[in-house]
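Close look at the chain arrangement
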Amino acid sequence: MKYCLIPLGCQMNKSDSERISSVIEAMDYKYTDNEEEADLLGIVACSVRQRAIDRVYGRIAKWNRWKNKRSLLTFVSGCILEEDEKKFLKLFDFVFRMTDINKIPEIINHYGVVIPAAIDLQKNSSSDIFIPSGVDNFDEGFWDIKPRYNSSFEAFIPIQNGCDKFCTYCAVPYTRGREVSRSSDEIINELESLVEAGYKSITLLGQNVNS
Ligand code: SF4
């Protein structure tokens, strides 16, 4: 079984994608960058950038056409506002918040392998447990997942998640929740292991790093 994951938007989405990949690969899926050969197709979306949202609609329209010909499971996650989430639930097989990343195996097992004839049935039987509601507090266990780094020489290290400021023009507090900082020890441990592995460029990430 193969999966293809497409991160859109900022570096934080790219970093989150590396942890999603780890969870999916623990289920024995192999990564492919060729959407056409993937059994599992996912997008890490961004409600902040209109272009990123437009690309989600373009992708899912194509993937849903493919479902007429082959078995396929689709999902979307990322920085998604509630209004976009409601629309995506009608188009994707499942939508999850980053705080629910550890539920991915449970969700995929719930769906099993999708055959075209079962799509409508499964869409109608979508369980509420997979429908996000409100913004949960960020679970610090998220950072315990070892990322599947996409590069052998440059890496992202998230040092916090979310924001408490609620600036009028920004979606972050509504999509990623309140500010949660990662412990310095944890950040330094990840940094040291990357340096030992020969990484040359390491970027610390956060939405609001002032704390
Ligand atoms: S401080 Fe930055 S991340 Fe937080 S709400 Fe304002 S613009 Fe968004």
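Residues numbered from 1 in each chain as written. Predicted model: local features only at pLDDT ≥ 70, side-chain atom pairs only at ≥ 80, totals over all residues. Heavy atoms only, no water.

Below, the discussion takes up the nonpolar core. Among the nonpolar cores identified, the biggest contains 23 residues, and Ile20, Ile24, Leu40, Phe75, Phe94 and Ile104 are the most heavily contacted of them. Elements represented by at least two residues in this core include exactly strand S1 (2-7), helix H1 (11-25), strand S3 (40-46), strand S4 (73-79) and helix H4 (104-111). In terms of residue count, the dominant contributor to this core is H4 (4 residues). Both domains that furnish three or more residues to this core are identified here as domain 1 (2-130) and domain 2 (140-205). In terms of nonpolar packing, the next biggest core, distinct from the first, is built from 20 residues, Ile6, Leu8, Trp66 and Phe92 among them. (Core = buried A, V, L, I, M, F, W, Y, C linked by side-chain atoms within 4.5 Å. Buried < 20%, exposed > 50% of the residue type's maximum accessible area, 1.4 Å probe, protein only. Helix = DSSP H or I, 4+ residues; strand = E, 2+ residues; numbered from the N terminus. Domains from an automatic or database assignment.)

A pair of packed helices is captured by two measures, namely the crossing angle of their axes and the spacing between those axes. One way to put it is that helix H2 (residues 50-66) packs onto helix H3 (residues 82-89) with a least axis distance of 12 Å and a crossing angle of 10°. With respect to each other, H2 and H3 are oriented roughly parallel. Contacts between H2 and H3 pair Ile53, Val56 and Tyr57 from the former with Asp84, Lys87 and Phe88 from the latter. A breakdown of the residues in the contact of H2 with H3 according to their chemical character gives 4 nonpolar, no polar and 2 charged. (Axes fitted to C-alpha atoms, helices over the stretch in contact; angles between N-to-C directions. Parallel < 35°, antiparallel > 145°, perpendicular 65-115°, else oblique. Contact = heavy atoms within 4.5 Å. Nonpolar A, V, L, I, M, F, W, Y, C, P; charged D, E, K, R; others polar.)

Evaluated as defined, the whole model comprises 13 salt bridges. Glutamate 35 is paired through a salt bridge with arginine 59; the nearest N and O atoms lie 2.9 Å apart. Taken together, the residues glutamate 35 in the loop between strand S2 (30-31) and S3 and arginine 59 in helix H2 connect sequence positions 24 residues apart. Overall, the relative accessible area of 13% leaves glutamate 35 in the buried class. On the basis of relative accessible area, arginine 59 is assigned to the partly exposed category, the value being 21%. One salt bridge connects arginine 97 with glutamate 85, and the closest N-O pair in it is separated by 2.9 Å. Of this pair, arginine 97 sits in the loop between strand S5 (94-95) and H4 while glutamate 85 sits in helix H3; the two residues are 12 residues apart in sequence, bridging distant segments of the chain. The residues arginine 97 and glutamate 85 share a single accessibility class, namely buried. (Salt bridge = Lys/Arg side-chain N within 4 Å of Asp/Glu carboxyl O.)

Of note, the phi angle at aspartate 28 is positive, near 80°, even though the residue is not glycine. Relative to the elements of secondary structure, aspartate 28 occurs in the loop between H1 and S2. Despite not being glycine, phenylalanine 166 shows a phi value in the positive range, around 55°. Topologically, phenylalanine 166 is positioned in the loop between strand S7 (160-161) and helix H6 (172-175).

Summarising the element assignment, aspartate 93 is placed in the loop between H3 and S5. Here lysine 67 takes part through its side chain, which lies 2.7 Å from a polar atom of the side chain of aspartate 93. Among the polar contacts listed, one links the side chain of aspartate 93 to the backbone nitrogen of threonine 74, at a separation of 2.9 Å. (Polar contact = N/O pair within 3.5 Å; in protein donor to acceptor, adjacent residues only side chain to side chain.)

Next up on the list: a nonpolar patch on the surface. Together, Leu191, Val195 and Leu204 line one region of the surface with nonpolar side chains, adding up to about 250 Å² of accessible area. With respect to the secondary-structure elements, leucine 204 resides in strand S9 (residues 201-205). (Patch = residues over 30% accessible without salt bridge, like charges linked within 9 Å, V, L, I, M, F, W, Y side chains within 5 Å. Areas by Shrake-Rupley, 256 points an atom, 1.4 Å probe, with all protein chains shown as cover.)

Here we come to the layout of surface pockets. Estimated volume of the largest pocket: approximately 270 Å³. If you trace the largest pocket, you find 15 residues lining it, with Cys10, Met12, Cys79, Val172 and Gln207 closest to the centre. Of the residues forming the lining of the largest pocket, the biggest block, 3 residues, is contributed by H1. For the lining of the largest pocket, the class distribution of residues is 9 nonpolar, 4 polar and 2 charged. In terms of domain composition, the lining of the largest pocket takes at least three residues from each of domain 1 (2-130) and domain 2 (140-205). (1 Å grid on protein atoms, 1.4 Å probe; cavity = no way out; pocket = protein on both sides within 12 Å on 5 of 7 lines; lining within 4 Å. Points joined across faces, edges and corners; volume = space filled by probe spheres on them.)

Across the sheet, which stays open at both edges, the 5 strands sit in the order S2-S1-S3-S4-S5 with parallel pairing between neighbours. The open sheet terminates on both sides in strands that have one partner only, identified here as S2 and S5. Sheet topology note: the S1/S3 ladder contains 5 bridges and is parallel. Looking across to S3, one finds that tyrosine 3 is bridged to leucine 40. (Pairing = 2+ DSSP bridges.)

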